[in-house]
Amino acid sequence: MPFNGEKQYVGEDQPSDSDSSRFSESMASLSDYECSRQSFTSDSSSKSSSPASSPPRVVTFDEVMGAARNLENMTLVHEIAVNENFQLKQDALPENSLASRVKRIVHQAYWDVLESELNAEPPEYDHAIKLFEEIREILLSFLIPGSGNRLRNQICEVLDTDLIRQQAEHGAVDIQGLANYIISTMGKLCAPVRDDDVRKLKATGNIVEVLRQIFHVLDLMNMDMANFLIRSFRPHFQRQLVDYERTKFQEILEETPSALDKTTKWIQESVNEELLAVSETTLTPGAKNSSKPSLSPTLVLNNSYLKLLQWDYQKKELPETLITDEVRLQELREKLNQLKIIACLSLITNNMLGAIIEGLPELADKLKRISAVLLEGMNKETFNLKDVLNSVGVQTCGEVNKTLIERGLSTLNAEVQANLVGQFSSIEKEDNPIRSLIDKRIQLYLKSLLCLPSPQKCLPPMPGGLAVIQQELEVLGSQYANIVNLNKQVYGPFYANILRKLLFSEEAMGKADASSSAN
């Protein structure tokens, strides 16, 4: 049986060491300014990093659709490679939907016709023969090419529709015997998870219902086969992913020259912010500084990536080069928002009740669990953060008082409880000092993580105030770094070209003008 004893191929989100070396090559021109100035100011660039090398042209509808198909295929391969839990599932229509009712009526009508034909005198076998022909092709599709020749020949002989038609003409066709053979063959070919389904087929008495359920189980087996092939090919996809995605995106870029517009805008925003930050820190009061600040391309790109965890995915479109990871990035952002609030709540609790709850790790863990449960779904539009924070404050006071009573100590007075609940509720405002502090420390941690050559092997130290979420933040940070590093491997040449133009084009033009003047 093809599925028996099969090995589970587990994909990893993080790139391998060989991928890391490939990343170093593709991102060579994204090293710090001091080491890469000549690379970024030169005119030479690879084909894949030259989106604007040709003049604008009219893009046809077919080209746009071709680019969309390329993007869809690239997204699917990317998902298979990086998501170890990816699998195909049967689409289930809503139970009471019009489509579901129509499908049910049409299918029932088909099987009713088949039943009436088989019960006729004499029986009619035209529809049944067509079903056996279809079943034969499905069974043959489960056989691995180059193997199973004996079973292949047997299936073709037993389900030979010409022979069955001749038998039908003489009233000698054994429908039940053919169904039993099909069920037996399905038992040999199915995955272990389908053994119960096959056994149920043997217990079904009505021949029409047997054929109907055979097709249902064959559909399930088809899905099993598809998922088996996905698991088998995942290691290949992972090895080839960088080259595949880069090539496919280049094809999209050639068909749709504007396919990097959002990406350019994304990086431009980071360049502007960094220029402003550098100017504010280097400009001496009263002094004139006419020279343009020098920026590190790596720093600019990393800061662009940091924006993704604060992105408004409902109102703002992602850069084209990150579409394949949109769902993962959105999930990380939502989880991070929850962790930020938990860290804020813990910091307030420790500041106000530190002396009371010191040495009670069980209480601290319980308060964290209460916060996490109540904050579930906080990114939904219907979620009222202020009300939930108020509820967290009330429950926190209740749990602390309960613990104090168990130890024969005085409970929190009304003023302390009101103050605690009030401070919890104030976190709702984004400019809350504690919320801003926690956010800056998380940003510092993630920024440090992106600067590491191998974040999955060595994590940066955790900033103060984040101990309560350290484990979760390290896991989230590693997942985030894996997404970023793989994205850099794939799109490094495209980013290099954009950064070259944004950071050094003016300087390069200045050098050219100076040279012309000298001549």
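Computed from a predicted structure; not experimentally measured.

1. Section: the overall build of the protein chain
Right, on to step 1. Summing up its helical and strand segments, the protein chain has 18 helices and zero strands in all.
Right, on to step 2. A buried classification covers 41% of the 519 residues belonging to the protein chain.
Right, on to step 3. For the protein chain, long-range pairs separated by at least 24 residues make up 76% of all intrachain contacts whose partners lie at least 6 apart in sequence.
Right, on to step 4. With the model as given, the accessible surface of the protein chain reaches about 28500 Å², and the carbon-plus-sulfur share is 52%.

2. Here we look at the packing of helix 13 (residues 326–357) against helix 15 (residues 385–406)
Right, on to step 1. Look at helix 13 against helix 15: their axes get within 12 Å of each other, and the N-to-C directions meet at 30 degrees. As far as their axial angle goes, helix 15 and helix 13 are roughly parallel. Helix 13 and helix 15 meet at a crossing whose hand is right-handed. Seen from helix 13, the contacting residues are Ile341, Leu345, Leu353, Ile356 and Ile357; seen from helix 15, they are Leu389, Val392, Val400 and Leu404.
Right, on to step 2. Within the contact of helix 13 with helix 15, the residues separate by chemical class into nine nonpolar, no polar and no charged.

3. Looking at the environment of Tyr125
Right, on to step 1. If you trace the backbone, Tyr125 turns up in the loop between helix 4 (98–119) and helix 5 (126–141).
Right, on to step 2. The exposure class assigned to Tyr125 is buried, which follows from its relative accessible area of 15%.
Right, on to step 3. For Tyr125 and Leu114, which are 11 residues apart along the polypeptide, the C-alpha to C-alpha distance reads 8.4 Å.

4. A short note on the nonpolar core
Right, on to step 1. Judged by nonpolar contacts, the single largest core of 82 residues is most densely connected at Trp266, Ile267, Tyr305, Leu308, Leu375, Leu446 and Tyr480.
Right, on to step 2. Both domains that furnish three or more residues to this core are identified here as domain 1 (60–257) and domain 2 (323–505).
Right, on to step 3. Apart from the residues within four sequence positions on either side, Leu308 is in contact with Trp266, Tyr313, Leu318, Leu322, Leu329 and Arg333.
Right, on to step 4. Counting 42 residues, the second largest nonpolar core, distinct from the first, contains Ile155, Ala168, Tyr181 and Phe228.

5. A closer look at helix 13
Right, on to step 1. Most pronounced at Asn351, the bend in helix 13 amounts to some 60 degrees.
Right, on to step 2. Backbone geometry just downstream of helix 13 places Gly359 in the positive-phi region, at approximately 80 degrees.

6. Section: helix 14 (residues 361–374)
Right, on to step 1. For helix 14, with 14 residues, the first-to-last C-alpha span of 20 Å sits near the 20 Å given by 1.5 Å per residue.
Right, on to step 2. Along its buried surface, helix 14 packs onto helix 13 and helix 15.

7. Remarks on the packing of aromatic side chains
Right, on to step 1. All chains considered together, the criterion is met by eight aromatic pairs.
Right, on to step 2. Centre to centre, the rings of Trp111 and Phe215 are 6.3 Å apart; their planes meet at 55 degrees, and the pair counts as tilted. Here Phe215 lies in helix 10 (residues 207–255) and Trp111 lies in helix 4, a separation of 104 residues in the sequence. One exposure class covers both Trp111 and Phe215, and it is buried.

8. Here's the deal with a nonpolar patch on the surface
Right, on to step 1. A cluster of nonpolar side chains, contributed by Leu98, Val102 and Val106, occupies part of the molecular surface with about 280 Å² of accessible area.
Right, on to step 2. Its location among the elements puts Val102 in helix 4.
Right, on to step 3. By relative accessible area, Val102 is classed as partly exposed at 43%.

9. Side note on the pattern of salt bridges
Right, on to step 1. Enumeration over the complete set of coordinates arrives at 13 salt bridges.
Right, on to step 2. What emerges from the salt-bridge pattern is a single network uniting Arg194, Asp197 and Asp224.

10. Some details on unusual backbone geometry
Right, on to step 1. The peptide bond linking Glu121 to Pro122 adopts the cis configuration, its omega dihedral lying at -5 degrees.
Right, on to step 2. Summarising the element assignment, Pro122 is placed in the loop between helix 4 and helix 5.

11. Some points on the environment of Lys386
Right, on to step 1. Take Lys386: it is sitting in helix 15.
Right, on to step 2. What makes Lys386 partly exposed here is its relative accessible area of 44%.
Right, on to step 3. In sequence terms Lys386 and Ser425 are 39 residues apart; their C-alpha atoms lie 5.5 Å from each other.
Right, on to step 4. Not counting the four nearest positions on each side in its chain, Lys386 is found in contact with Ser425 and Glu428.

12. Some remarks on the packing of helix 8 (residues 175–189) against helix 9 (residues 195–202)
Think of two packed helices as two axes; the pair is described by the angle between the axes and how far apart they sit.
Right, on to step 1. Between helix 8 and helix 9, whose axes approach to 10 Å, the crossing angle comes to 170 degrees. Classified by the angle between their axes, helix 8 and helix 9 sit roughly antiparallel to one another. Of the residues in helix 9, those in contact with Ile183, Met186 and Gly187 of helix 8 are Val198, Leu201 and Lys202.
Right, on to step 2. Split into classes, the residues belonging to the contact of helix 8 with helix 9 amount to four nonpolar, one polar and one charged.

13. Things to note about the environment of Thr321
Right, on to step 1. Examined against the element boundaries, Thr321 turns out to sit in the loop between helix 12 (297–307) and helix 13.
Right, on to step 2. Taking the C-alpha atoms as reference points, Thr321 and Val490, 169 residues apart in sequence, are found 8.9 Å from one another.
Right, on to step 3. A polar contact of 2.7 Å, which involves the side chain of Thr321, links it to the side chain of Tyr495.

Cut-offs and rules
Residues numbered from 1 in each chain as written. Predicted model: local features only at pLDDT ≥ 70, side-chain atom pairs only at ≥ 80, totals over all residues. Heavy atoms only, no water. Helix = DSSP H or I, 4+ residues; strand = E, 2+ residues; numbered from the N terminus. Buried < 20%, exposed > 50% of the residue type's maximum accessible area, 1.4 Å probe, protein only. Contact = heavy atoms within 4.5 Å. Areas by Shrake-Rupley, 256 points an atom, 1.4 Å probe, with all protein chains shown as cover. Axes fitted to C-alpha atoms, helices over the stretch in contact; angles between N-to-C directions. Parallel < 35°, antiparallel > 145°, perpendicular 65-115°, else oblique. Left-handed = near helix turned anticlockwise from the far one by under 90°. Nonpolar A, V, L, I, M, F, W, Y, C, P; charged D, E, K, R; others polar. Core = buried A, V, L, I, M, F, W, Y, C linked by side-chain atoms within 4.5 Å. Domains from an automatic or database assignment. Bend = angle between axes of the 7 residues up to and from the residue. Expected span 1.5 Å × (residues − 1). Phe/Tyr/Trp six-rings, centres within 6.5 Å; stacked < 30°, edge-to-face > 60°. Patch = residues over 30% accessible without salt bridge, like charges linked within 9 Å, V, L, I, M, F, W, Y side chains within 5 Å. Salt bridge = Lys/Arg side-chain N within 4 Å of Asp/Glu carboxyl O. Polar contact = N/O pair within 3.5 Å; in protein donor to acceptor, adjacent residues only side chain to side chain.

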